[in-house]
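# Close look at the chain arrangement
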Amino acid sequence: MKRRSFISNVALGATTATVLSSCNAQSGSGEATGDSLPRIRWKMATSWPKSLDTIFGGAQTVCDRVSAMTGGRFTITPYAGGEIVPGLQVLDAVQQGTVECGHTASYYYVGKNPALGFGTSMPFGLSGQQQNAWLYHGGGLEAMHKLYADFNVINFPAGNTGAQMGGWFKTEVQSVGDLRGLKMRIPGLGGEVMSRLGVNVQVLPGGEIFLALDTGAIDAAEWTGPYDDEKLGLNKAAPYYYYPGWWEPGPTLEIQINKTAWEKLPQEYQEIIKTAAMEANLNMLAAYDAQNRIALQSILKSGTKLVPYSNEILKAAQQASLEIYEENSSKDASFKEVYQSWNEFRKQVMQWNTINDLSYANFAADNLR
């Protein structure tokens, strides 16, 4: 029996060695795993100030996890907006190879292709969880990869703030007429919708919002939600806090990677980046829900007036959004392709979530004890 056991163990050891050798030989990079993997140093430009620890934290999570999972052989250093390039020029820096990667929001770049907005959030679109479902299992990420190929970039979801608030206003806005002529910081297609409602739209990076709002250079501004808004001090610059953020019901942030740099990576490193990005994506969504519940109470205690958008404004904004979608679809084949697929997914997932999530949430909210 001992002799048979010894022979079996030898055979098992030989088989294991053969399998490991085969796995190493079949590595997508053509390189062996372990200590023979290369040491690589990348830079990551971001659109965020470091003071916003959760949103910048999405970038930091990707970098920290890549280093941890490679034993420090692959390190990425994140830089705040403005340290390498301005916060709204991250895509340009990645495309040009100024940096190997960036952490930003795709809707900052709808001027380059309006369909890029789908990678972040669309007015009256998907919630955070619905956005993840579309990206990971509804063909969304494949659609974004196709769009970004024109920029020599590949992207992966790497953060989500959850449903955002509707912004800070120095004066009350009860009707569409009250919006006309206001100067408001709001990017993306949400900004285009507001523009159609008569708003003078401004696009500013996060680090510049407070000063502009406080000095009166702008009359209103949206950022994310209570936690980050309080960190920026927006509650000290304007008294009225509106909801819901209909233009960003579940905005995804992403890591953008120069495709030439990506293709030079060993396959092992590519898979690690994908895993780190997904961790950052899911972790940020959970973190914001945990933090916003506390920050909202703090903001309200400071004297902020919480105000819902009127049905008049919401209906006008929704109608303007649908008109923009149809116009963009008629002018841009890539937008039409993504929109049709996304819209079908949106209708179906909202029908399902009305049955499972919304029915429960409404009852639970009405019967809190």
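This report concerns the structure included in the present document. (Residues numbered from 1 in each chain as written. Predicted model: local features only at pLDDT ≥ 70, side-chain atom pairs only at ≥ 80, totals over all residues. Heavy atoms only, no water.)

### A look at the environment of A93
Let me state the cut-off plainly: Numbering of helices and strands starts at the N terminus; helices are DSSP runs of H or I of at least 4 residues and strands are runs of E of at least 2. Each residue is assigned to one of three classes by its accessible area relative to the maximum for its type, calculated with a 1.4 Å probe on protein chains only: buried under 20%, partly exposed between the two thresholds, exposed over 50%.
For A93, the position within the fold is in helix α3 (residues 90–96). Owing to a relative accessible area of 2%, A93 belongs among the buried residues under this scheme. In the structure, A93 is positioned 65 residues away from A158 in sequence and 18 Å away in space, judged by C-alpha atoms.

### Concerning the sheet that holds strand β2 (residues 74–79)
Within a beta sheet, neighbouring strands are joined by backbone hydrogen bonds and run either parallel or antiparallel to one another. The cut-off we apply is this: Two strands make a pair as long as DSSP finds a minimum of two bridges between them. Axes, fitted as lines to C-alpha atoms, cover a helix only where it is in contact. Angles between the N-to-C directions of the axes lie from 0 to 180 degrees. Any two residues having at least one pair of non-hydrogen atoms within 4.5 Å are treated as being in contact.
Pairing is mixed across the open sheet formed by five strands, whose spatial order is β2-β1-β3-β10-β4. Edge strands, defined here as strands with exactly one partner in the open sheet, are β2 and β4 (153–160). Taking the axes of each pair of neighbouring strands and ignoring which way they run, one obtains an average angle of 25° across the sheet. Looking at chain direction, strand β3 (residues 101–104) and strand β10 (residues 252–258) are connected through four bridges and run antiparallel. If you follow G102 over to β10, its bridge partner there is Q256. Across the sheet, helix α2 (residues 55–69) lies against β1 (40–46), β2, β3, β4 and β10, angled at about 165° from β2, the strand it touches most.

### Considering the pattern of salt bridges
Side chains that differ in sign of charge can pair as their charged atoms come close. Short version of the rule: Put simply, a salt bridge is a Lys or Arg side-chain nitrogen that is within 4 Å of an Asp or Glu carboxyl oxygen.
Inspection of the entire model under this criterion finds nine salt bridges. Ionic pairing is found between E327 and R196, a salt bridge with its closest N-O pair at 2.5 Å. Taken as a pair, E327 in helix α12 (residues 311–331) and R196 in helix α7 (residues 188–196) lie far apart in primary sequence, 131 residues in all. E327 sits in the partly exposed class, given a relative accessible area of 32%. A network of salt bridges, in which partner residues are shared, links E192, R196 and E327.

### Some details on the pairing of β10
The element β10 is extensively covered by neighbouring structure, given that seven of its seven residues are classed as buried. In β10, alternate side chains face the same way, and those of T252, E254, Q256 and N258 on one face and L253, I255 and I257 on the other are all buried. Strand direction decides the pairing type here: β4 and β10, joined by six bridges, are antiparallel. By the bridge assignment for β10, P157 is matched with E254.

### Quick look at the packing of aromatic side chains
The line we're drawing: By convention, a stacked pair of Phe, Tyr or Trp rings (six-membered ring in the case of Trp) has centres within 6.5 Å and planes under 30 degrees apart, an edge-to-face pair has planes over 60 apart, and any other such pair is tilted.
Under the counting rule described, the total for this entry stands at 23 aromatic pairs. When the ring of Y148 is compared with that of F151, the centres are 6.4 Å apart and the planes differ by 65°; the resulting orientation is edge-to-face. Classification of Y148 by relative accessible area gives buried; the value is 0%. Taken together, the ring pairs connect F118, W134, Y325, F335, Y339 and W342 into an aromatic cluster.

### Some words on the environment of N283
Position of N283 among the secondary structure elements: in helix α11 (residues 267–301). Overall, the relative accessible area of 45% leaves N283 in the partly exposed class. Sequence separation of N283 and L126 is 157 residues, and the distance between their C-alpha atoms is 18 Å.

Purely spatial values, then, with no claim about function.
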